[in-house]
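Chain by chain, the residues:
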Amino acid sequence: MTRNHRIPPSPLPQREGVDPVRVRLPVEGPWVTVRDHLAERLSGAGAGVVDGMFDAGRVVGADGRAVSADAAYVPGMFVWFHRDLPAEVPVPFPIEVVHRDEHIVVADKPHFLATTPRGSHVTETALARLRRELDIPTLGAAHRLDRLTAGLVLFTVRPEERGAYQSLFRDRLVRKEYEAVAPYDPALALPRTVRSRIVKERGVLAAYEVEGEPNAVSHVELAEHGGPGLGRYRLTPATGQTHQLRVHMNRLGVPILGDPLYPVVTGPVPAGDFRRPLQLLARSLEFTDPVTGVTHRFRSPRTLRAWSSYDEWARQ
């Protein structure tokens, strides 16, 4: 059989800014029906979920018509469906749009809001919210920020241009500057560049450093110090490992305020607890637009609360 890798357009619209799930049936496998494959693939969803989707006509083919539970398995066939959306506590902070044109949207993401749908965070994500608020269903993320980190995120308007903007981050052509509030240590010699090898295992909350060739490089500067033994730090990552800045600040003995993972993994924060946000902010983005050739310089106007009003932040 000839393998056809062309992906048909989705026959289903987005729901609350979230794309439907697209599944391409493997070319080889033991399944007799489409239902057999989805039942195995989605076995973690619970008994009866897949059968309920078929009974409700929620699994559709490229023509938009419902696929029956006994439909024959066709290798390479595409099917689409919407999963049941999890119950989510709304993140009670707005997303500010810093820049918008026909190619990109630059948004200032608040703390506690995930960038893109994943796990239990689906509709309460920056991407889903912006698709709804700006009425741009084609919006896509060019990169990600941790859910607990606030600041600038670049989104693309046209799907065919997304790869060009993603390549800026892959090829390290974007200058990113972060700001953090952490303890002030007068004995810590700064500025300095921290290099290490960071490993982040799937399913493990905290990343950790190991011996080996460095894959994470961060430049750390002290911008100013004052208040109750606090420093405001300027962080410039040259690489983009998960939790990189948080790991490197902890390594220096000045873990970022509000961090639930470094130096110690604390208990899970209850849903709806938006107190004491991580004091880390993606302050600026600079890059040359790969489509228009324009040099962009964007800066977040946010103020980290522990620096502007430590007592207020600490009382939360």
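Preceding this section is the structure that the text describes.
(A) Here's a closer look at the pairing of strand β4 (residues 104-109). Across the six residues that make up β4, a large majority, six, are buried. Both faces of β4 are covered, namely the face carrying Ile104, Val106 and Asp108 and the face carrying Val105, Ala107 and Lys109. What sits between strand β3 (residues 96-100) and β4 in their antiparallel hairpin is a turn of three residues.

(B) Examining the pattern of salt bridges more closely. For the coordinates displayed, the defined rule picks out 20 salt bridges. For the salt bridge of Glu161 with Arg158, the shortest nitrogen-to-oxygen distance reads 3.4 Å. In this structure, a network of salt bridges that share partners links the residues Glu177, Glu221, Arg234 and Arg299.

(C) The arrangement of helix α1 (residues 34-41) in detail. Residues of α1 that are buried include every one of Val34, His37 and Leu38, and no others. Projected down its long axis, α1 carries its buried residues within an arc of 95 degrees, all on one side.

(D) Expanded view of a positive patch on the surface. On the surface, Arg118, Arg144, Arg162, Lys200 and Arg202 cluster together to form a positively charged patch. Mapped onto the elements, Lys200 comes out in the loop between β8 (192-199) and β9 (208-210).

(E) Here's a closer look at the environment of Leu188. For Leu188, the location among the structural elements is in the loop between β7 (175-183) and β8. Note on Leu188: relative accessible area 14%, which makes it buried. Sequence separation between Leu188 and Pro110 is 78 residues; the distance between their C-alpha atoms is 30 Å. Setting aside chain neighbours within four positions, we find Leu188 in contact with Leu252 and Val254.

What counts, and at which threshold
Residues numbered from 1 in each chain as written. Predicted model: local features only at pLDDT ≥ 70, side-chain atom pairs only at ≥ 80, totals over all residues. Heavy atoms only, no water. Buried < 20%, exposed > 50% of the residue type's maximum accessible area, 1.4 Å probe, protein only. Helix = DSSP H or I, 4+ residues; strand = E, 2+ residues; numbered from the N terminus. Pairing = 2+ DSSP bridges. Salt bridge = Lys/Arg side-chain N within 4 Å of Asp/Glu carboxyl O. Arc of directions from axis to C-beta. Patch = residues over 30% accessible without salt bridge, like charges linked within 9 Å, V, L, I, M, F, W, Y side chains within 5 Å. Areas by Shrake-Rupley, 256 points an atom, 1.4 Å probe, with all protein chains shown as cover. Lys, Arg positive; Asp, Glu negative; His and termini not counted. Charge placed at Lys NZ, Arg CZ, Asp CG, Glu CD. Contact = heavy atoms within 4.5 Å.

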